[in-house]
Amino acid sequence: MTVNLEVAEGVGTLRLDRPPMNALDVATQDRLKELAEEATRREDVRAVVLYGGEKVFAAGADIKEMQAMDHTAMVLRSRALQDAFTAVARIPKPVVAAVTGYALGGGCELALCADYRIAGDNAKLGQPEILLGLIPGAGGTQRLSRLIGPSRAKDLIFTGRMVKADEALALGLVDRVVPAGEVYEQAHTWAARLAQGPALALRAAKEAVDAGLETDIDTGLTVERNWFAGLFATEDRERGMRSFVEEGPGKAKFR
């Protein structure tokens, strides 16, 4: 399989496994969508790590495969391409990308689908599609500009240049830089901590933030208010408040 889902202690690792560079061909895209939807459904998956292995996250699309496609073929394929990445972005649980080595083109776009990005000091990220006479097609023009702002996104997209981990951190493209050998461990630790949290509240927080970014402030506040009030119907809210009153903050055990 080109992508695997491994689950342990509430954390599901979506692992790209298409050596040597984890090129995202059609089969890999389809498998990614299938497993993202599985991670969404499974109650034993409470947080997710996106990982490409110790050497490379994903170096982008399979260019040889794409070269053989004409306009008609890509019109038929482009929606499925975006849908695969959107399935990852819409996993209603905390998702962290563990980025080592290259995360280029589709690889960078996949990292953008995560809620948080931890990069190794050997990471190199970018959207080099312009160098092929193309633009990003798996969400890069939209998610990148929302994450780091339109002018910075345009610089990366217009030039196609790669940025090293330190510049990616300064741009806000990644959230933490660690030694390359510690990337997965730290990403898994981040996910495992959240896997112990209140699942419905985490889902609500993620959906409120994501939905709010796509609309005006008043509509966003309505989304927030509805989720906030709705959580008062959950057992986790009862547990969290009771623990706070009786034991102090941060000691609640959630189901």
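Further up the page is the structure itself.
Residues numbered from 1 in each chain as written. Predicted model: local features only at pLDDT ≥ 70, side-chain atom pairs only at ≥ 80, totals over all residues. Heavy atoms only, no water.

## Overview of the environment of V177
Step number 1: Take V177: it is sitting in strand β9 (residues 176-178).
Step number 2: Spatially, the C-alpha atoms of V177 and A165 are 6.6 Å apart, while their sequence positions differ by 12 residues. (Helix = DSSP H or I, 4+ residues; strand = E, 2+ residues; numbered from the N terminus.)

## Structural notes on the packing of aromatic side chains
Each aromatic ring pair is characterised by the separation of its centres together with the angle its planes make.
Step number 1: Going through the model one piece at a time under the given rule, you end up with three aromatic pairs.
Step number 2: Ring plane angle 40° and centroid distance 4.7 Å describe the contact between Y51 and Y184, whose orientation is recorded as tilted. Remark: Y184 occurs in helix α8 (residues 183-195) and Y51 occurs in strand β3 (residues 47-51); sequence separation between them is 133 residues.
Step number 3: A centroid spacing of 5.5 Å and a plane angle of 75° characterise the contact between F228 and F232, whose relative ring orientation is edge-to-face. (Phe/Tyr/Trp six-rings, centres within 6.5 Å; stacked < 30°, edge-to-face > 60°.)

## Thoughts on the sheet that holds β3
Step number 1: Strand order in this open sheet of six strands is β1-β2-β3-β4-β6-β9, and the pairing throughout is mixed. Only two strands of the sheet have a single partner each, and these edge strands are β1 (3-8) and β9. Going across the sheet, the axis of each strand differs from the next one's by a mean of 20°, ignoring polarity.
Step number 2: Two strands pair when backbone bridges link them, and strand β4 (residues 95-99) and strand β6 (residues 116-120) are joined in this way by four bridges, in the parallel orientation. When the bridges of β6 are listed, V99 appears paired with A119.
Step number 3: α8 contacts β1, β2 (11-16), β3, β4, β6 and β9 of the sheet and is inclined by roughly 175° relative to β4. (Pairing = 2+ DSSP bridges. Axes fitted to C-alpha atoms, helices over the stretch in contact; angles between N-to-C directions. Contact = heavy atoms within 4.5 Å.)

## Some points on the pattern of salt bridges
Step number 1: For the structure shown, the criterion picks out 14 salt bridges.
Step number 2: The residue D25 makes a salt bridge to R18 at a minimum N-O spacing of 3.4 Å.
Step number 3: Here the salt bridges share partners, and the residues they tie into one network are R18, D25 and D62. (Salt bridge = Lys/Arg side-chain N within 4 Å of Asp/Glu carboxyl O.)

## Quick notes on the pairing of β2
Step number 1: β2 sits mainly inside the fold: five of its six residues count as buried.
Step number 2: Examined bridge by bridge, β2 and β3 share five bridges and lie parallel to one another. When the sheet's bridge partners are listed, L14 is paired in β3 with L50.
Step number 3: In this region the chain leaves β2, passes through helix α1 (residues 26-41) and returns to the parallel neighbour β3; the handedness of that crossover is right-handed. (Buried < 20%, exposed > 50% of the residue type's maximum accessible area, 1.4 Å probe, protein only. Right-handed = clockwise from strand over helix to strand, strands pointing away.)

## Thoughts on helix α5 (residues 140-148)
Step number 1: Of the positions making up α5, those classed as buried are G140, L144, S145 and I148. Looking straight down α5, one finds its buried side chains confined to an arc of 105°; they lie on one side. (Arc of directions from axis to C-beta.)

## Regarding a nonpolar patch on the surface
Step number 1: Together, M21, Y102 and M162 give the surface a local cluster of nonpolar side chains, amounting to about 250 Å² of exposed area.
Step number 2: Mapped onto the elements of the fold, M162 is located in strand β8 (residues 162-164). (Patch = residues over 30% accessible without salt bridge, like charges linked within 9 Å, V, L, I, M, F, W, Y side chains within 5 Å. Areas by Shrake-Rupley, 256 points an atom, 1.4 Å probe, with all protein chains shown as cover.)

## Focus: the environment of M1
Step number 1: With respect to the helices, strands and loops of the structure, M1 is situated in the segment before β1.
Step number 2: A residue is classified by how much of its surface remains accessible, and M1, at 70% relative accessible area, is exposed.
Step number 3: Between the alpha carbons of M1 and V45 there is a distance of 20 Å; along the sequence they are 44 residues apart.
Step number 4: Look past the residues within four positions of M1 in its chain and what remains in contact with it is D17 and R31.

## Observations concerning unusual backbone geometry
Step number 1: In the segment running from P19 into P20, the intervening peptide bond is cis, with an omega of 0°.
Step number 2: Note on placement: P20 falls in the loop between β2 and α1.
Step number 3: Not every positive phi belongs to a glycine, and E9 is a case in point at roughly 55°.
Step number 4: Along the chain, E9 falls in the loop between β1 and β2.

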